[in-house]
Every structure is written in structure tokens, then in C-alpha cells.
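Residues per chain, in single letters:
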Protein chains: 2
Amino acid sequence: MITPVQTLSDDALQFLKQTLGDELVTTNFSEREYHARDQSFHHAHMPAAVVFPENAQHVSAILKYANEHLIPITAWGAGTSIEGNPIPVAGGIVMDFLRMDKILRVYADDFQVDVQPGIKYKDMNAKLASDGLFFAPDPGANASIGGMIANNAAGTRTPGYGATRDNVFRLQVVLANGEIIHTGTRSKKTSSGYDLVHLFIGSEGTLGIVTEATLKLHPIPEHFSAAVASFETVAGATRAVSAVVGAGLKPVALEFVDVATVRELNTTNEFHLRENPTLLIEFHSATPHALEHELALAQELCNDNGCIFFEVGVGRVERDRLWKMRHSTYEVLVRNHPGISFLICDVAAPVSKYPELVAACEREINALNLPGASIVGHAADGNAHPLVPYLPDDKASHARALQALGNMVRVALSLGGTATGEHGVGLGKIPFMREEHGASLDVMRAIKRTLDPNGILNPGKMF
Amino acid sequence: MITPVQTLSDDALQFLKQTLGDELVTTNFSEREYHARDQSFHHAHMPAAVVFPENAQHVSAILKYANEHLIPITAWGAGTSIEGNPIPVAGGIVMDFLRMDKILRVYADDFQVDVQPGIKYKDMNAKLASDGLFFAPDPGANASIGGMIANNAAGTRTPGYGATRDNVFRLQVVLANGEIIHTGTRSKKTSSGYDLVHLFIGSEGTLGIVTEATLKLHPIPEHFSAAVASFETVAGATRAVSAVVGAGLKPVALEFVDVATVRELNTTNEFHLRENPTLLIEFHSATPHALEHELALAQELCNDNGCIFFEVGVGRVERDRLWKMRHSTYEVLVRNHPGISFLICDVAAPVSKYPELVAACEREINALNLPGASIVGHAADGNAHPLVPYLPDDKASHARALQALGNMVRVALSLGGTATGEHGVGLGKIPFMREEHGASLDVMRAIKRTLDPNGILNPGKMF
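Cut-offs and rules
All chains use their own residue numbering, which begins from 1 and follows the written sequence. In the order they appear in the text, chains get letters beginning with A and ligands get numbers beginning with 1. With pLDDT at 70 or above as the cut-off, local features in this predicted model cover only qualifying residues; side-chain atom pairs require 80 or more to be listed or tallied, and sums for whole chains, interfaces and linings still use all residues. Hydrogens and water molecules were not included; the side-chain quantities draw on all heavy atoms of the structure. Segments assigned H or I by DSSP are reported as helices when at least four residues long, segments assigned E as strands when at least two residues long, and all are numbered from the N terminus. Multiplying one less than the number of residues by 1.5 Å gives the expected span of a helix. Summary of the burial criterion: residues with accessible area below 20% of their type's maximum are buried, those above 50% are exposed, and those between are partly exposed, where the area comes from a 1.4 Å probe applied to protein chains only. In protein, a polar contact requires one atom able to donate a hydrogen and another able to accept it; more generally it is a pair of N or O atoms within 3.5 Å, and residues adjacent in sequence count only if both atoms are side-chain atoms. When DSSP finds two or more bridges between two strands, those strands count as paired. Fitted lines through C-alpha atoms give the axes, limited to the stretch in contact for helices. The angle between two N-to-C directions lies from 0 to 180 degrees. Take a side-chain nitrogen of Lys or Arg and a carboxyl oxygen of Asp or Glu: if they are within 4 Å of each other, that pair is a salt bridge. Contacts: residue pairs with any heavy atoms within 4.5 Å of one another. Summed over both partners, the accessible area lost on bringing two parts together, with a 1.4 Å probe, is the buried area. Nonpolar residues are Ala, Val, Leu, Ile, Met, Phe, Trp, Tyr, Cys and Pro. Charged residues are Asp, Glu, Lys and Arg, and all others, Gly as well, are polar. Each angle gets one of four labels, with under 35 degrees taken as roughly parallel, over 145 as roughly antiparallel, 65 to 115 as roughly perpendicular, and the rest as oblique. Left-handed describes a crossing in which the near helix is turned anticlockwise from the far one by less than a right angle; the clockwise case is right-handed.

Caption draft 1: Region of interest: helix α3 (residues 56-69) of chain B. All names here are of chain B. End to end, α3 covers 20 Å across 14 residues, agreeing with the expected 20 Å (1.5 Å per residue, within 8%). Among all positions in α3, only Ala56, His58, Val59, Ser60, Ile62, Leu63, Tyr65, Ala66 and Asn67 are buried. Structurally, the start of α3 carries an N-cap: the backbone nitrogen of glutamine 57 is 3.1 Å from a side-chain oxygen of asparagine 55. Leucine 70 sits one or two residues past α3 and shows a positive phi near 55°.

Caption draft 2: Molecular detail of the sheet that holds strand β8 (residues 168-174) of chain B. Residues and elements named next belong to chain B. Judged by pairing direction, the sheet is antiparallel, and its five strands sit side by side in the order β5-β6-β10-β8-β9 without closing on themselves. Whereas interior strands pair on both sides, the edge strands pair on one side only; in this sheet they are β5 (103-107) and β9 (180-184). Within the sheet, the average angular offset between the axes of one strand and its neighbour, ignoring direction, is 15°. Where β8 lies against β9, five bridges are found, and the strand directions are antiparallel.

Caption draft 3: Expanded view of the sheet that holds strand β2 (residues 49-51) of chain A. All names here are of chain A. Taken in spatial order, the four strands make up an open sheet running β1-β2-β4-β3, and their pairing is mixed. Of all the strands in the sheet, just β1 (25-26) and β3 (73-76) have a single pairing partner and so form its edges. With two bridges joining them, β1 and β2 adopt antiparallel strand pairing. Note on β2: the bridge partner recorded for valine 25 is valine 51.

Caption draft 4: Fine view of the pattern of salt bridges. All names here are of chain A. In the structure shown here, the tally under the stated rule is 34 salt bridges over all chains. Lysine 64 is paired through a salt bridge with glutamate 68; the nearest N and O atoms lie 3.4 Å apart. A residue pair is termed a helical-turn pair when its members lie 3 or 4 positions apart in one helix, as lysine 64 and glutamate 68 do in helix α3 (residues 56-69) at four residues. Owing to a relative accessible area of 44%, lysine 64 belongs among the partly exposed residues under this scheme. Overall, glutamate 68 belongs to the exposed group, its relative accessible area being 51%. In this structure, a network of salt bridges that share partners links the residues Arg105, Asp114, Arg170 and Glu212.

Caption draft 5: Expanded view of the environment of B:Glu362. Residues and elements named next belong to chain B. Inspection of the secondary structure puts glutamate 362 in helix α13 (residues 354-366). When the C-alpha positions of glutamate 362 and proline 219 are compared, they lie 38 Å apart, and in sequence the two are 143 residues distant. Ignoring any residue separated from it by four or fewer positions in sequence, one finds glutamate 362 in contact with Val234 and Ile375.

Caption draft 6: Spatial organisation of the interface of chain A and chain B. Taken residue by residue, the interface counts 83 residues in chain A and 83 residues in chain B. Together, the buried faces of chain A and chain B total about 6,300 Å²; carbon and sulfur atoms form 59% of this surface. For chain A, the biggest contributors to the area lost against chain B are A:Lys189, A:Ser191 and A:Tyr194; these three give 15% of the whole. Counting the contacts that link chain A with chain B gives four salt bridges. Scanning the region where chain A abuts chain B turns up 39 residue pairs in polar contact (both at pLDDT 80 or more). Going through the elements one at a time, β9 (180-184), α7 (196-200), β11 (218-219), α8 (234-246), α10 (288-304), α15 (433-437) and α16 (440-451) of chain A are the ones with two or more residues in the side of chain A that touches chain B. Among the elements that take part in the side of chain A that touches chain B, α16(A) stands out by supplying eight residues, more than any other. Per-class residue counts for the side of chain A that touches chain B are 32 nonpolar, 36 polar and 15 charged.

Caption draft 7: Structural detail: the packing of helix α1 (residues 10-20) of chain A against α3(A). Residues and elements named next belong to chain A. Two elements in contact, α1 and α3, have axes whose closest approach is 10 Å; the angle formed by their N-to-C orientations is 165°. In terms of their interaxial angle, α1 and α3 are classed as roughly antiparallel. Two packed elements cross with a definite hand, and for α1 against α3 that hand is right-handed. Contacts between α1 and α3 pair Asp11, Ala12, Phe15, Leu16, Thr19 and Leu20 from the former with His58, Ala61, Ile62 and Tyr65 from the latter.

None of this, on its own, says anything about what the molecule does.
What follows is the structure in C-alpha cells.
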């Protein structure tokens, strides 16, 4: 790894201030501290300086200089990631995209938008609503688009609309040497050359820094329905997932919520769920009649798999209530259990293996004998998020939680799955990369060396 | 480029025969001639030898030897590509995957299948039908899966199901040095490491050779409908495309057929179409009621855009008739115009620019003043296939056709589109790569040098 840089030289600071202007460069303690951590449990590391570029030329000039002077560069969006992805473990410069947060062009007829990487996806969607359009990947937190591209973020709507990877047409990227490239096309289809767009997506800022993106949008659907299905058993709930997808139904979202999580949610007195393994289901449709038929078929398939209660709510309000509930799980959990911290695990397996994956996760987290252990997950994608409790001031407890997390990852891999469904590798999943990728990890390393020979881009991540 | 190899040394031939067995290695003239061309207009080149590997170990041993002895290697599937992609322009060894054509495992619950690259997609789908599943990308010709992966093939069903790129989970790839790697996961979602799966898809055998693939399948839909919509103008037809997609309707297929093509089809007396710009539309649905409502909305939107006739046929038979008609266009054209050859052009642009793209293509092909000039296209994807007529024995005529093709590509690029929507770069689109990709072409070259430093893999293509 590149030598860590805890303090910038006067020359380097002068260069940055001359290039960006004084007010866009800071070594202020609180700014450095703010950019030392994300929302994960990983240790904070202070950068030497924080800069706020305003355009691709700024980014290019800084990278060219950093590459020549071997200064680590870590891009920063909203700091909402949860695997330590943007923590500047080698110090150097954090590049915060706060000021590059514009919608540049809306191509309404093509359902596309050009944006800068610093824009937050919820803010962007609020603006796009006037055109009747939205960006579908939905990580829960108000992440930046640049961060979502870096981590290939996904979430509750991914069964219907794909992950970030499936929703990007074009990128402007600044390479480690400062060169600005454009890759991809606004055409929906292309077979022209190597797929660099997908190479940069999910590379966590280690191959280049995205300064502009053309995103795929979708028309805001006119007709929503949401359903809550309660099951006798976890196995029944997960079999129902397979049946619904297998029937050719296309739920936009299909979430699994375990009994422990249901009980946590019910403590709020805001939600009144049956205390059973539960699926939250959402359909979108172009016509209300299509929606009715889809829901009826989904209910039938759930009933075939031991559903004991199926409640339907049609319309935007019901839909919004459901997802407000789902997205509040972590917050409710933390509020209900003062003195407990949680590792948020992210594993995924083929959908047919979801019952096995969830069962293994239940065993691991229950063995910790701490309150708050629970599992939610994007079931239609085979993705599970066990919340792994530990006592923050007890090293042995933290070690046990990490051990449980590792065991769950190894189960996911043994089932043909992956160490991370949507949170990225960051710091937390590095130990599992060789086991997951074998010799292809060396191909990744070779590409890293080719595009960033000095290793200045987000050092200490991915490998 | 690597030095061409027109004849293999006795040592090389002996190595191949020892490794594969005598019957899997040939220098027979007719075999070499058969593997000297694809279905394009590009010049044939004979390989020095043709081999028929039976497993990844065979491929690995051959590549290791070829890499050490600087022998060009070109992978071969069905020879159905139309940009010269598998023509062995530097001679050497053609590796025909004829004997690696097995379905290895069906994961019915996960809608996935492991296959070898030599299997043809129609043959594969015929076998998968007993599980109620199919592989959706549909290039028309009975291409091999390996070739479809190499070219990121797409076709009529791509609006509904995506291109090959969107339907591959996992690859086994043999690198230029003979190393066998596995990349990707059976999990529907992953954010683990660089996306090598998408890097290899569309790389046309220049970065590695695929020896196994895990494909995404879909349940065969129970309910089909097909519609034929005739319009007063091309502009009306293409505006209707935008309206249908913009309403949130999800046609599986949405094809544009120009008047010239309609007239060609009508000469068969098998089809009786109105002689107007025409859209062919297909919907799949989980319920017949959903289908009815989708069709009614589609018709309304077509009528709003100058549709003068909208004929609906529901069911598999009507659907099959429609696509038999669409896929016969090239054959009918060639039969109707003896003495004329055709360049099959492949350009794509954002859907909002489709009217401009098609208008420019019409001007170019009509200016040639030869019979058979016509345009079909995957309209919902902004993809157009002008059929560019020329006199095969007249060099000036061929040059004019090539000039027209170049002009159409430049229009596509100027509209924010791409030089190839689905046929790949091969030989035909190399001249446009710098214009389309700018500095990112150098990144592609750098990756090529990293993964294939001796340039043995499909030399003379892509760059």
C-alpha cells in the first residue's frame, strides 16, 4: 500500500488552494474528523485535508498532482456507507463532492438524467418528480449518487428495477493520472468495446473518480399496491417468495422481516403487525385492473405456502407507510436497546437457498445471547441483513460478533452466494475476497495496477 | 499486432494432437475454409488449424502453449455473427466449441442454468422448455451461447428481458496464459469486487475464452399477445414507441418495420400487411386480464400518434407467426433481389432520437438507388438495422455502401448513440471506436495489454 500521509506539505496545500481557491480546501479539525468515518463500526481515520471540488477540472488537477506526489485520495459522498468504504485509512486528501450536486440535464423522453456525483438520491428524486420520473435504486439512507455508483448500491426496489449497476448509462471518470474520460452511451443498447461503465460501478473509487453520470430513470407508476403477508414459518415465507417470482409475477419489492424485528416494530405502537415471519410486498402497474389480478395471484401463492394473514392496501399512502416502517427498523432497534451496538451484516445467496441462509443467520445471532438480534432482508434477491448485537466496550463481545459475521459470510459463499449483496467490500469484506473470487482476485489486482499504478485511489480498500 | 501464423510447426501440431487426441485437431482444407468466414461481407481468412476442445483443461493447455509460442487463437461458436468477429485474420488456431455444447446443471428454482459455450441458444431453449424456462436474449440466428456472450448479443426480446449482458451470472474463463478463473456469483445481487463478468461479456474473445456460463432464465410466460400497428408516418410510429414505454407499459418486443420491408414481406403472399410504417408489439403477462388492459392502453397510445390500423392477435400461435415474419425479412429480401448483396448495418441511439436516426438512414440507403434498400429495427431500444444494397462485383458500389454505412454510424454517434447496438465491433466497427470512445479507448487497450500481453486472443479485432 502507498505510504500513509497524515499531514500535507506546505507546497501541496498551496497547490490545492491555488487550484480550488482558499475556501474549498480545509485542514480544520472538525472537518477532518467528520470525514474520518462512515456509518459503520469500522475505526475512524483522519485525512490530512478535505477539499470540495466544483468541477471535473478541479478533480483532474488534484489527481494529477496527487499521483505525482503519492498522496492518497478518497472520494466522499454522503458518508452513509456501512462497510468503511470511504474511510481514509491512509490519510491524504478526502475529496467531498458536496458542491458537485447538480442535475445537469433531464432527458425526459428517454427517461435519463445527467447528474453530478454529490447529489443525494432522495433530493434528486424530489426534483425529478415534476417530470414524473424517478431513479429507482433505493438504499434506504439518503446516499449520494457517486457513493451509490461506487458501491453498486441496491435496496428494497431492486427486485423490480435492478441495482445501481443496472441503472447507469454513461460515466465521466477522472483517472488516477488526472485524465478525464467518458464511457458508455445514451443508447439503451451497445456492444461497442469493453464495458468500462460496469467496471467502474462497484469499484469503490479505487479505479477512478466519477464526476458525472447519466442515470436510467423510470416513470413514476400510477398504480401501487402493498401487501403484508404473515406466515407460520420462515421456511413458508421464503418458499412463497420463490413461488411468487416463479409464477412470472414481478413484485417491485419483496422484503422478509423476522419475528424479532416485528416485535421491535410493534413496540412503537405505530405499527400493529402479527408476530410472525412476515413478507412486505409491493406491486406497481400501468392499470388498476392488472394490479388487482397480480395481487390476487400473489395471495393465492402465499396461501399455498402457509400464509395465515394477507392484508392488502392499495395506493401511494399505504405503500409509503409500509416502507417508512421497513426503513425505520434499524433506528427502532437502536432506540430499544441502549448499551448495545450492532454490526449490520450483508450477505446474499441464490433465492432457492434463502431459507438455509436465513436459518444459519438465525443460529449465529441467537448464539450471541444479546437482545436486539434480528434479521431483515431483500428476500426476492436472496439478500439478508442480520443485525448482530455486541457490547461496544467489551472486546470479547465485539470479537464474537465479528466471528458470527464471518460465519454467516462463509455460509453464503458455500451456498453459491456472495460476501456482499449491496454494501460493497470496503474494509469489512476484504478478508473474504480470496475465498469468494479465487484466482480472479488476481485479475482485479492487475486491473487496479494498470489504472492506478501508484495506488493513490482509496488505498486499503477492496484488496 | 502479433505476427500472423499461416502454418503451424510440426511441434505445435504434435502438441495439439497429444493434448486433445488426433481426431480433435485438423488442418483439413475444407474445415479451415469453413472457419475462415462468418455471415458478414468481410473477407475470409484461413486459420492454420482448427481444434475442437472438450473441456476447460483442453482450452487451458492450448492457450498456455499458444501464449508461449505466440500463436493467434480465435474462439468459434456458430459462425453466425455479422461483423467479422470470429474471422481469424492472423491465422493461427481456431478453437471450435462444437463439442462443448452441454447443459451442465439446471437450477429450476433459481431460474438459472450452467452451460458450455458451444450450445446453440435455440437448441438450449428447446431443452429448457420441459422445465418451463427459457433464455430470453434472441439474436434471430441460432447463435452459440459463447458467441452471444462474446458479442453481447441482443434482439427482438431485449426491451422486455435485456441483452445477453443482463442475463449472465457467472463465467468460467480461460485467460491468455492458460489460467482458469471463475467470476461472478449465483446470487442475484453482488457488490463484491470488480465486475469482471461484464468486462468479459462483449469483449469478443480478446480478453479470455469463456468455457462455462451461468445464465439467467425466465419462466415461459403463460399469456401472450401480439399486435400489428400501421401508421401514417415513420415519425408517428416512433413517437408511439416513446408513448408506450413512457406510460409504464413494458412491451417484451417493439419492432419497427419500414414500408419497403412491408412490401418485400407481402411478395411472399404469406403475410398481408398494410403498406405503411409498422410496429410489431408483443406483451407477456402473468394473467389474461392484465394483458387485455395493457393492449387496450397500447392501442390508445398508438391511436394518439396517427395509428390507422391496430390488429391484435392473442396467444402463442399469433405471436410465433409475427416473429417468423420478422425474422424472415433478410431471407425474403435476398430472395427477391438476385444479384444484389447487402451490408447489414447496426446502429442505435436514444429512443427520443429514433425518428432522426431512421430518417438519416432512409436518406443514406435511398441515395444508393438500388433495389432492396430497407430498414427494420428494435425500436424500443433505439436500434436500427438498415439493409444497405450493393453490387457484389462492383468495387465502386461496395465503396458507396460502406460510405453510407459510415455516415449512418456517425449520425448515431452525433445523436448520443453507439456504433453497434448488438453485433459487436469485430472488423466492421473498428474505424469508429476512437470517435465513439475517445480517451477511454486507451483504457480498453491498457486492459487488453494487461490480460493478453502477447496479443494472442482474437488479434485484429476491437482495436
